[in-house]
Amino acid sequence: MIKLYEKNELTFSLVWIGFYVVLYSAADNLSTSLGTAKIITAPLSIVMAVVLLVWITRNGLKEKCGLCKVKADGRKYLFFFPLVIIASTNLWNGFALHMTLPETALYIVSMLCVGFIEEIIFRGFLFNALRKDNVRQAIIISSLTFGIGHIVNLLNGAELLETMLQICYAAAIGFLFTVIFYTSGSLIPCVITHSAINSLSAVAGTRTERSAIVGAVVLTAISLFYAIWILKKR
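As a starting point, this report considers the structure included with it. Being a predicted model, the structure only gives us computed values, none of them experimental.

## Remarks on a nonpolar patch on the surface
And step 1. A cluster of nonpolar residues, Ile 140, Leu 144, Ile 148, Ile 151, Leu 154, Leu 160 and Met 164, forms a patch on the protein surface that exposes about 610 Å² of accessible area.
And step 2. For the nonpolar patch, the secondary-structure elements that each account for two or more residues are α6 (135–148) and α7 (160–184).
And step 3. Of the residues forming the nonpolar patch, the biggest block, three residues, is contributed by α6.
And step 4. With relative accessibility at 40%, the residue Ile 151 sits in the partly exposed group.

This is how it looks when you write it as structure tokens:
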């Protein structure tokens, strides 16, 4: 992998994104066919996360990929308090169990890993590959790619409205996460928030169409305003 990375970081990033999307979707479908949600996806997610972490560490890329402390005064980021609000999004409509306890555990494990994996490949790899030419363009492309990438959920049985809303607020959150990474040098706050959003969806309360739309609008607004605040405080 290191040879491809050194030769062309952008190609390396796109290969990882494609590999992740295809493999993860296949694992989800196979898990469903076996009758237990995430039974294949959870162990696959763990393996992928470990492979990425070991590879990054062995090749001395931890700091470049943002696996380091924030290199700025926390006050500039409002001590990341807005991220707590964003992380809690799946609890805004209450708490409920939709799966069996084993399935819930598998789901949470896979979602925790996905938070790490997606931050690394979309921010640590893709954004870093693009920022060499144009930082602003890199932020936009990385954010939109992250948001649009959620369209794959349609293949896994998600509803159209839910997916469209997710694409919108995921692009906004992706923009915020990229700004945080760019300005602070760290992906840690993004990984933690991303993993929390994902894993808490396992116990999210039932949403109506109206609450889903309102939630998406609020989440998008918070993400964009917070990102703008951070950029102004640079």
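Moving on from the coordinates now.
## Side note on the packing of α7 against helix α9 (residues 209–232)
Two quantities define a packed helix pair, namely the angle between the axes and the distance from one axis to the other.
And step 1. At a minimum axis separation of 9 Å, α7 and α9 run at an interaxial angle of 15°. Considering their axes alone, α7 and α9 lie roughly parallel with respect to each other. As for how α7 packs across α9, the hand of that crossing is left-handed. Between α7 and α9, the contacting residues are Leu 161, Leu 165, Cys 168, Tyr 169, Ala 172, Ile 173, Phe 175, Leu 176, Val 179, Ile 180 and Thr 183 on the first element and Glu 209, Ala 212, Ile 213, Ala 216, Leu 219, Thr 220, Ser 223, Leu 224, Tyr 226, Ala 227, Ile 230 and Leu 231 on the second.
And step 2. Class assignment for the residues of the contact of α7 with α9 results in 19 nonpolar, three polar and one charged.

## A look at the pattern of salt bridges
And step 1. The final tally for this structure, using the stated rule, is six salt bridges.
And step 2. The shortest N-O distance in the salt bridge between Lys 71 and Glu 63 comes to 2.4 Å.
And step 3. Because the salt bridges share partners, they merge into one network encompassing Glu 9, Lys 64 and Lys 132.

## So, empty space enclosed by the protein
And step 1. Taken as a whole and judged by the stated rule, the model has one cavity of 30 Å³ or more.
And step 2. Within this model, the largest cavity holds a volume of roughly 50 Å³.
And step 3. The wall of the largest cavity is formed by Thr 89, Asn 90, Tyr 169, Arg 207, Gly 215, Ala 216 and Leu 219.
And step 4. Top element by residues in the lining of the largest cavity is α9. It accounts for three residues.
And step 5. Looking at side-chain class alone, the lining of the largest cavity contains three nonpolar, three polar and one charged residues.

## Here's the deal with helix α3 (residues 41–58)
Because the α-helix completes a turn every 3.6 residues, residues three or four places apart line up on one side.
And step 1. The first and last C-alpha atoms of α3 sit 26 Å apart over 18 residues, in line with the 26 Å expected at 1.5 Å per residue.
And step 2. Every buried residue belonging to α3 is among Thr 41, Ala 42, Leu 44, Ser 45, Met 48, Ala 49, Leu 52, Trp 55 and Ile 56, and all of these are buried.
And step 3. Structurally, α3 contributes buried residues whose contacts are with α1 (2–7), α2 (9–33) and α5 (101–130).
And step 4. The first or second residue beyond α3 is Gly 60, which carries a positive phi of 65°.

About the cut-offs
Residues numbered from 1 in each chain as written. Predicted model: local features only at pLDDT ≥ 70, side-chain atom pairs only at ≥ 80, totals over all residues. Heavy atoms only, no water. Patch = residues over 30% accessible without salt bridge, like charges linked within 9 Å, V, L, I, M, F, W, Y side chains within 5 Å. Areas by Shrake-Rupley, 256 points an atom, 1.4 Å probe, with all protein chains shown as cover. Salt bridge = Lys/Arg side-chain N within 4 Å of Asp/Glu carboxyl O. Helix = DSSP H or I, 4+ residues; strand = E, 2+ residues; numbered from the N terminus. Buried < 20%, exposed > 50% of the residue type's maximum accessible area, 1.4 Å probe, protein only. Axes fitted to C-alpha atoms, helices over the stretch in contact; angles between N-to-C directions. Parallel < 35°, antiparallel > 145°, perpendicular 65-115°, else oblique. Left-handed = near helix turned anticlockwise from the far one by under 90°. Contact = heavy atoms within 4.5 Å. Nonpolar A, V, L, I, M, F, W, Y, C, P; charged D, E, K, R; others polar. 1 Å grid on protein atoms, 1.4 Å probe; cavity = no way out; pocket = protein on both sides within 12 Å on 5 of 7 lines; lining within 4 Å. Points joined across faces, edges and corners; volume = space filled by probe spheres on them. Expected span 1.5 Å × (residues − 1).

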